[in-house]
Number of protein chains: 2
Amino acid sequence: MTGLLTEAEGNPVAITNAGAKSDFLFLCEHASRRLPKRLGTLGLSEEALQSHIAWDPGALAVAELLAEKLDGVLIHQRFSRLAYDCNRPPESEAAMPVVSEVYDVPGNGAISAAERQARIDEIYLPFHEAVSTFVVGRKAAGRRPVLVTMHSFTPVYFGKPRTVELGILHDADSRLADRMLAIAAVEIAYDIRRNEPYGPADGVTHSLIEYGLRYGLPNVMIEIRNDLIHDEIGQRGMADYLEGLLAKSVAALSAQ
Amino acid sequence: MTGLLTEAEGNPVAITNAGAKSDFLFLCEHASRRLPKRLGTLGLSEEALQSHIAWDPGALAVAELLAEKLDGVLIHQRFSRLAYDCNRPPESEAAMPVVSEVYDVPGNGAISAAERQARIDEIYLPFHEAVSTFVVGRKAAGRRPVLVTMHSFTPVYFGKPRTVELGILHDADSRLADRMLAIAAVEIAYDIRRNEPYGPADGVTHSLIEYGLRYGLPNVMIEIRNDLIHDEIGQRGMADYLEGLLAKSVAALSAQ
């Protein structure tokens, strides 16, 4: 195992509000565009390193606001998904993408088995274990976390503008997503769609499967078009909306 | 969560030789045909409950001999795969099979979400956590376990006899399997084949993926035709053969 992270770079996983009183568990796998120093720039331009291929702009800020408003826990990955995409399993090609949208990622082009394993060991597995351990602990205490993974997507993809503003994504268990879509349909605040702009067939539901389906947690993945949350005003507005939507949806789920 | 196991039924996971000095980690997901009392007979005949659909006859006995001979750890599941098949992820239909070979399994036909989750929580997750925790602990201590999952298969399947005697199965990482097949080809002790009678497309490599590929461990799944290991003489003969094959193959892997 070659070492990837230096001690100065710290823990790849950050846990916010660990003693949260509510059952909300927010995950943000693509929170940061920071690369481990040893990976340099991965051969990418500064433009690419700032873009949505490196992270989900705004997602962490909205997740932090939600964790605070709803007194939930937030677990996020401190390194870029270009180093390791924590919403993909190690056996997936997309875990260390060689191409992302219109960008080649030269530094992911010819990774040795040892380098690949170091990224898994030092970025994915600590995140995986932090989430699993939290869920197991809460379940042992008779609680049932509500899993909400927070993402953002680019308004223009392969040159095409996207009109969807908010995606409510699910895998086999759609119970929470169904409630959210039903409530959202009445309020009509945004262009909200089920499993858009991505869905299970795109391989984006790894965290929902790994932590939601396996542990029997209500679960949903939220995709926000990133132009809506590029500044603090947008982030606060979106967090206010999602706070109400999530609280009502979970209440509807529990009432059933 | 409805409770499934009673206290008297004990821990679903058994760990043998936990302080083993070698790096061998043997898993036996289908070690037992014991059903949790609350599941009754699942509507099956005594014949079906004794058959290969309930367990892998002989696999645990061979695994125990190997763990002793090679000073490895053995982790096995104490309940039948008809209650929960620990070599399948919770989202798989095959985790609680409604049909297994020629047998319907009536008790798995209409399981409520709560019952399904109780089986996942009380049978699969403790096994999953025992294996993960062991691997994480060994890796933290600078060791790298060698994962060997031990299975047996029926000599007659859907009425057809099988001539293959020993299957050496792998998923994306074939390094250990390649060494075993190369060495076995010289010795010609059994009819040994790669990814037979099952392979990755049959969904049988869950444990290899979950514990082998993810943690970067050399890994292999061994399938033994169960008529070869139905008594102690057969089990000892097979364990003697596999002891040599595994030891030589791991040595060849390390020497590379």
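Cut-offs applied
- Residues numbered from 1 in each chain as written.
- Chains lettered and ligands numbered in written order.
- Predicted model: local features only at pLDDT ≥ 70, side-chain atom pairs only at ≥ 80, totals over all residues.
- Heavy atoms only, no water.
- Contact = heavy atoms within 4.5 Å.
- Buried area = accessible area lost by both parts, 1.4 Å probe.
- Salt bridge = Lys/Arg side-chain N within 4 Å of Asp/Glu carboxyl O.
- Polar contact = N/O pair within 3.5 Å; in protein donor to acceptor, adjacent residues only side chain to side chain.
- Helix = DSSP H or I, 4+ residues; strand = E, 2+ residues; numbered from the N terminus.
- Pairing = 2+ DSSP bridges.
- Axes fitted to C-alpha atoms, helices over the stretch in contact; angles between N-to-C directions.
- Core = buried A, V, L, I, M, F, W, Y, C linked by side-chain atoms within 4.5 Å.
- Buried < 20%, exposed > 50% of the residue type's maximum accessible area, 1.4 Å probe, protein only.
- Least-squares fit on C-alpha atoms with pLDDT ≥ 70 in both.
- Parallel < 35°, antiparallel > 145°, perpendicular 65-115°, else oblique.
- Left-handed = near helix turned anticlockwise from the far one by under 90°.
- Nonpolar A, V, L, I, M, F, W, Y, C, P; charged D, E, K, R; others polar.
- Phe/Tyr/Trp six-rings, centres within 6.5 Å; stacked < 30°, edge-to-face > 60°.
- Lys NZ or Arg CZ within 6 Å of the ring centre and 35° of its normal.

- Going by the annotation in an unreviewed UniProt entry, the name recorded for chain A is N-formylglutamate amidohydrolase, with Sinorhizobium kostiense given as the source organism.

## Some words on the interface of chain B and chain A
Alright, step 1. Facing 20 residues of chain B, the contacting portion of chain A comprises 20 residues.
Alright, step 2. Taken over both partners, the interface formed by chain B and chain A buries close to 1500 Å², and the fraction arising from carbon and sulfur atoms is 54%.
Alright, step 3. The largest contributions to the chain B side of the interface with chain A come from Glu-91, Arg-214 and Tyr-215 of chain B, which together make up 35% of the buried area.
Alright, step 4. Here chain B is connected to chain A by six salt bridges.
Alright, step 5. For Arg-214 of chain B, the salt bridge goes to Glu-91 of chain A, with nearest N and O atoms at 3.1 Å.
Alright, step 6. Where chain B meets chain A, there are twelve residue pairs in polar contact (both at pLDDT 80 or more).
Alright, step 7. Of all elements in the fold, only α3 (113-140) and α5 (206-213) of chain B reach the threshold of two or more residues within the side of chain B that touches chain A.

## Here's the deal with the sheet that holds strand β9 (residues 166-169) of chain B
Residues and elements named next belong to chain B.
Alright, step 1. One open sheet accounts for seven strands, arranged β1-β3-β2-β6-β11-β9-β10; its pairing is mixed. Only two strands of the sheet have a single neighbouring strand rather than two, namely β1 (13-16) and β10 (192-194). The sheet shows a mean angle of 20° between the axes of neighbouring strands, direction not considered.
Alright, step 2. Against the sheet, helix α2 (residues 59-69) touches β2 (24-28), β3 (73-77), β6 (146-153) and β11 (219-225), its axis set at about 150° to β6.
Alright, step 3. Contacts between α3 and the sheet are confined to β1, β2 and β3, with β3 contributing the most and set at about 165° to the helix.

## A short note on the nonpolar core
Alright, step 1. Within the largest apolar cluster, 94 residues are counted, with the highest numbers of intra-cluster contacts made by Leu-25, Ile-75 and Leu-82 of chain A together with Leu-25, Ile-75 and Leu-82 of chain B.
Alright, step 2. For Ile-75 of chain A, the contacting residues outside a window of four places in its chain are Val-13, Ala-14, Ile-15, Leu-25, Phe-26, Leu-27, Cys-28, Phe-127, Ala-130, Val-131 and Phe-134 of chain A.

## What to know about the relation of the copies chain B and chain A
Alright, step 1. With an RMSD of 0.0 Å, the fit of chain B onto chain A corresponds to turning through 180° and sliding 0.0 Å along the axis. A rotation of that kind, with that shift, is consistent with a two-fold axis.
Alright, step 2. The overlap is high: 100% of the interface residues of chain B also sit at the interface in chain A, so the same surface is used on both sides.

## Remarks on the packing of helix α3 (residues 113-140) of chain A against α3 of chain B
Alright, step 1. The N-to-C vectors of α3 of chain A and α3 of chain B enclose an angle of 140°; their axes lie 12 Å apart at closest approach. By the angle class used here, α3 of chain A and α3 of chain B are oblique. Here the hand of the crossing between α3 of chain A and α3 of chain B comes out left-handed. On the side of α3 of chain A, the interface is formed by Gln-117, Asp-121, Leu-125, Glu-129, Val-136 and Lys-139 of chain A, while α3 of chain B contributes Gln-117, Asp-121, Leu-125, Glu-129, Val-136 and Lys-139 of chain B.
Alright, step 2. Here the contact of α3 of chain A with α3 of chain B is built from residues that sort into four nonpolar, two polar and six charged.

## Some thoughts on the packing of aromatic side chains
Alright, step 1. Following the criterion strictly, the structure yields ten aromatic pairs over all chains and no others.
Alright, step 2. On the basis of an interplanar angle of 70° and a centroid distance of 4.8 Å, the ring pair of Tyr-157 of chain A and Phe-158 of chain A is categorised as edge-to-face.
Alright, step 3. On the basis of relative accessible area, Tyr-157 of chain A is assigned to the partly exposed category, the value being 26%.
Alright, step 4. Ring centres of Tyr-157 of chain B and Tyr-198 of chain B lie 6.2 Å apart, and the angle between their planes is 90°; on these two criteria the pair is classed as edge-to-face. Separated by 41 residues along the polypeptide, Tyr-157 of chain B in strand β7 (residues 156-157) and Tyr-198 of chain B in the loop between β10 and α5 bring together distant segments of the chain.
Alright, step 5. Members of the aromatic cluster, each reached through a chain of ring pairs, are Tyr-157, Phe-158 and Tyr-198 of chain A.
Alright, step 6. Over the ring of Phe-79 of chain A we find Arg-34 of chain A; its NZ or CZ atom is 5.9 Å from the centre of that ring.

## A closer look at helix α5 (residues 206-213) of chain A
Alright, step 1. By the criterion of burial, α5 of chain A is predominantly enclosed, with eight of the eight residues buried.
Alright, step 2. Turning to α5 of chain A, its buried residues number three or more, namely His-206, Ser-207, Leu-208, Ile-209, Glu-210, Tyr-211, Gly-212 and Leu-213 of chain A.

## Looking at the pairing of strand β3 (residues 73-77) of chain A
Residues and elements named next belong to chain A.
Alright, step 1. In terms of burial, β3 is a largely internal element, five of the five residues being buried.
Alright, step 2. Residues Val-73, Ile-75 and Gln-77 point to one face of β3 and Leu-74 and His-76 to the other, with burial holding for every one of them.
Alright, step 3. Sheet topology note: the strand β1 (residues 13-16)/β3 ladder contains four bridges and is antiparallel. By the bridge assignment, Thr-16 is partnered in β3 with Leu-74.
Alright, step 4. Here four bridges tie strand β2 (residues 24-28) to β3, and the two strands are oriented parallel to one another. Considered in β3, the bridge of Cys-28 is made with His-76.

## Describing the sheet that holds strand β11 (residues 219-225) of chain A
All names here are of chain A.
Alright, step 1. Ordered by their spatial adjacency, seven strands build an open sheet running β1-β3-β2-β6-β11-β9-β10, and the pairing between neighbours is mixed. The sheet is open, and its two borders are formed by β1 and β10 (192-194), each paired with just one other strand. Strand-to-strand, the axes of this sheet are offset by a mean angle of 20°, without reference to chain direction.
Alright, step 2. The sheet strands contacting α3 are β1, β2 and β3, and the helix crosses β3 at an angle near 165°.

## Observations regarding the side chain of His-30 of chain A
Residue and element names in this part refer to chain A.
Alright, step 1. Within the fold, His-30 resides in the loop between β2 and α1 (46-50).
Alright, step 2. For His-30, a relative accessible area of 3% corresponds to the buried category.
Alright, step 3. Polar contacts involving the side chain of His-30 include one to the side chain of Asp-85, which spans 2.6 Å.

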